[in-house]
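Given next are the chains, with one letter for each unit.
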There are 2 protein chains.
Amino acid sequence: MWSDPVDQGVGLVSSTIGAITRLIREQDLMPGDRLPSEATLARDLQVSRTVVREAFRSLAAMRIIELASGRRAAVAPIDHGAMSLIIEHGVHTDQISIQQIYDVRRTIESRIVTLAALRRNEGEAQAIRAEAAAMRAAIDDPPALMRHDLAFHMGLARASRNPVFALIMGAFQGITAQTWPVGWRSRTSAAAREAMIANHENIAAAVAEGDPERAAAAMSQHFDDSVRALISAGLT
Amino acid sequence: MWSDPVDQGVGLVSSTIGAITRLIREQDLMPGDRLPSEATLARDLQVSRTVVREAFRSLAAMRIIELASGRRAAVAPIDHGAMSLIIEHGVHTDQISIQQIYDVRRTIESRIVTLAALRRNEGEAQAIRAEAAAMRAAIDDPPALMRHDLAFHMGLARASRNPVFALIMGAFQGITAQTWPVGWRSRTSAAAREAMIANHENIAAAVAEGDPERAAAAMSQHFDDSVRALISAGLT
DNA sequence: GAAGCCGAACCTGTATGACAGGTTTGCCGA
DNA sequence: TCGGCAAACCTGTCATACAGGTTCGGCTTC
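Keep in mind it's a predicted model, so treat the numbers as computed, not measured.

Engineer: Explain the overall build of chain A to me, using residue names and the numbers behind them.
Structural biologist: A tally of helices and strands in chain A yields 10 helices and 2 strands. Written out in order from the N terminus, the α and β elements of chain A read α-α-α-β-β-α-α-α-α-α-α-α. Considering only contacts within chain A whose residues lie at least 6 apart along the sequence, 67% involve residues at least 24 apart. Surface summary for chain A: the accessible area is close to 10300 Å², and the carbon and sulfur share equals 52%. Distance from the positive charge centre (25 side chains) to the negative charge centre (27 side chains) of chain A: 3 Å.

Engineer: Describe in detail unusual backbone geometry, supporting the description with residues and values.
Structural biologist: Residues and elements named next belong to chain B. You will see that Asp28, though not glycine, has its phi angle at about 50 degrees, which is positive. Relative to the assigned elements, Asp28 resides in the loop between helix H1 (12-26) and helix H2 (38-45). A positive phi is found at Asp94, a non-glycine position, where the angle reads about 60 degrees. Within the secondary structure, Asp94 sits in the loop between helix H4 (81-92) and helix H5 (98-119). By relative accessible area, Asp94 is classed as exposed at 62%.

Engineer: Hey, could you go over the protein's contact with DNA strand C for me, with residue numbers and the actual values?
Structural biologist: Taken together, the neighbourhood of DNA strand C is formed by 22 residues, with Arg53 of chain A together with Leu12, Ser48, Val51 and Arg71 of chain B sitting nearest. Among atoms of DNA strand C positioned within 4 Å of the protein, sugar and phosphate together represent 70%. Between Arg49 of chain A and DNA strand C, the recorded distance is 2.9 Å, taken from a side-chain N or O atom to a base nitrogen. Taking Gly70 of chain A, its main chain carries an N or O atom lying 3.3 Å from a sugar or linking oxygen of DNA strand C. Taken together, the elements giving at least two residues each to the surface near DNA strand C come down to helix H3 (49-61) and strand E2 (71-75) of chain A together with H1 and helix H3 (49-61) of chain B. Residue composition of the surface near DNA strand C, grouped by class: 5 nonpolar, 8 polar and 9 charged.

Engineer: Can you break down the pattern of salt bridges residue by residue, with the values?
Structural biologist: Inspection of the entire model under this criterion finds 30 salt bridges over all chains. Two residues, Arg136 of chain A and Glu201 of chain A, come together in a salt bridge whose shortest N-O distance is 2.7 Å. Separated by 65 residues along the polypeptide, Arg136 of chain A in helix H6 (residues 122-137) and Glu201 of chain A in helix H9 (residues 190-209) bring together distant segments of the chain. In this structure, Glu194 of chain B engages Arg136 of chain B in a salt bridge whose closest nitrogen and oxygen atoms are separated by 3.0 Å. Of this pair, Glu194 of chain B sits in helix H9 (residues 190-209) while Arg136 of chain B is found in helix H6 (residues 122-137), placing the two residues 58 residues apart along the sequence. Overall, the relative accessible area of 35% leaves Glu194 of chain B in the partly exposed class. Through salt bridges that share partners, Glu38, Arg49, Arg53 and Arg57 of chain A together with Glu54 of chain B make up one connected network.

Engineer: How would you sum up the relation of the copies chain A and chain B? Please name residues and give values.
Structural biologist: Taken as rigid bodies, chain A and chain B are interconverted by a rotation of 180 degrees and an axial shift of 0.0 Å, the fit giving an RMSD of 0.1 Å. What the superposition gives is, in effect, a two-fold axis relating one chain to the other. Distance from the rotation axis, computed per C-alpha, reaches its smallest value in chain A at Ser58 of chain A: 2.4 Å. Take the interface residues of chain A: 100% of them recur as interface residues in chain B, which is what a same-surface contact looks like.

Engineer: Please give an account of the interface of chain A and chain B that cites residues and values.
Structural biologist: In this complex, chain A contributes 52 residues to the contact, which on the side of chain B involves 52 residues. Joining chain A to chain B, the criterion identifies 8 salt bridges. One salt bridge in this structure joins Asp103 of chain B and Arg111 of chain A, with 2.9 Å as the shortest N-O distance. For the interface between chain A and chain B, the tally reads 16 residue pairs in polar contact (both at pLDDT 80 or more).

Parameters and conventions
Residues numbered from 1 in each chain as written. Chains lettered and ligands numbered in written order. Predicted model: local features only at pLDDT ≥ 70, side-chain atom pairs only at ≥ 80, totals over all residues. Heavy atoms only, no water. Helix = DSSP H or I, 4+ residues; strand = E, 2+ residues; numbered from the N terminus. Contact = heavy atoms within 4.5 Å. Areas by Shrake-Rupley, 256 points an atom, 1.4 Å probe, with all protein chains shown as cover. Lys, Arg positive; Asp, Glu negative; His and termini not counted. Charge placed at Lys NZ, Arg CZ, Asp CG, Glu CD. Buried < 20%, exposed > 50% of the residue type's maximum accessible area, 1.4 Å probe, protein only. Near = heavy atom within 4 Å. Polar contact = N/O pair within 3.5 Å; in protein donor to acceptor, adjacent residues only side chain to side chain. Nonpolar A, V, L, I, M, F, W, Y, C, P; charged D, E, K, R; others polar. Salt bridge = Lys/Arg side-chain N within 4 Å of Asp/Glu carboxyl O. Least-squares fit on C-alpha atoms with pLDDT ≥ 70 in both.

So this is what it looks like as structure tokens:
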């Protein structure tokens, strides 16, 4: 029999987390379905409400359940929020470098853009192009530009039709948002900034036209530029 | 100014989580460094110890800090435990399919094995080969075989010298452990089982010899086999 | 008979106090 | 100087209390 990996920490809270996840699985609860109340669980599992609450908090931190005041806890849809925090923690504690993040992103986004070119529907193609256009429009408004840049890449990830790719890309969003300004500031010339926008437009066009090779090539170009920009800014 | 993504849930606990992560960053705490006691934080942040405890639990769930009875909380080294649970949750709630996991794994492990062939040191090459050998030795002991299979892939990820790859691979470990027996059972013939072991040995040899192309080709072969095995077992 | 309003029951968020058991630290004795 | 011991500190868990949000059924009104 499997022992839930959470049970390793042999505390009551850990066992309770295991019991709750088991409950979700055995009852085949789907996102949106509600869990028993804290008091009910406490009674059933023979622990105090404190323990159940801490278990709930732990699961909520991983976005496995959703908590809201007054309402019962509910099973949550997958969300990259927790993974984003984990990655940020790794970077801030010097366990992960920005370069390493970019190497992984290049690997994943190469595949994403290929899949997106093959699988995207009309609406997704439109949305991706719209973000690229919005980037050009916001060329003098860095915060807005960054938002559209992030949305552009998330749109690609969604168009790949594989939620795991979207999840991983989302996990990088937090740290990317923190390093993006560095890369932008290092693009001092108007030409460099123009090129950065053009890269995105090229990717969007290739995806919209359903040309995976060109899309992958354009994405590769984009990463060459971005990594060069970050290196020239002194980011290791 | 940035508002921590955690602060969205406007509760006291969420703000406290934000305050603690800010503390970690501003004081440049590294893995192993200890945090203030619950009582101290409660006093400093003007909240009850209950709130601090729930915040600690949340951070511990994401493996950002480590809790232990009697000892002060400490900053944790990055760990894939939380991400593993998140992925498992996605699969169990039908938000992610096994096929999608394998598509991501193929993408990532192709790159991992290439990097590993280029960067592995002698010890890592040795360890990877040892796991492959152990797989052959455990061909009649599925649980042990699976353990060595997982360790083999994690060894490759480590040899890529990029902790983010290792982190992502680790995130798939939990769900892989749950589906592995399905793939194994679907390999009914001795030849199919032999081929599966041989694939791993080929990968290990190519990595040890520093031949990235052959390593990537062998890994691709491995995934072709594995996906075929899972499909024939009826896993969507 | 149907639609809308209202209050009671239920539930979560937070605080307080208590105590058992594990950990750390510094002092004291050998 | 070294080893051990005890006190201080800290976390894990429990019980209780109460404010404020949510739900749901019944009652009123049209």
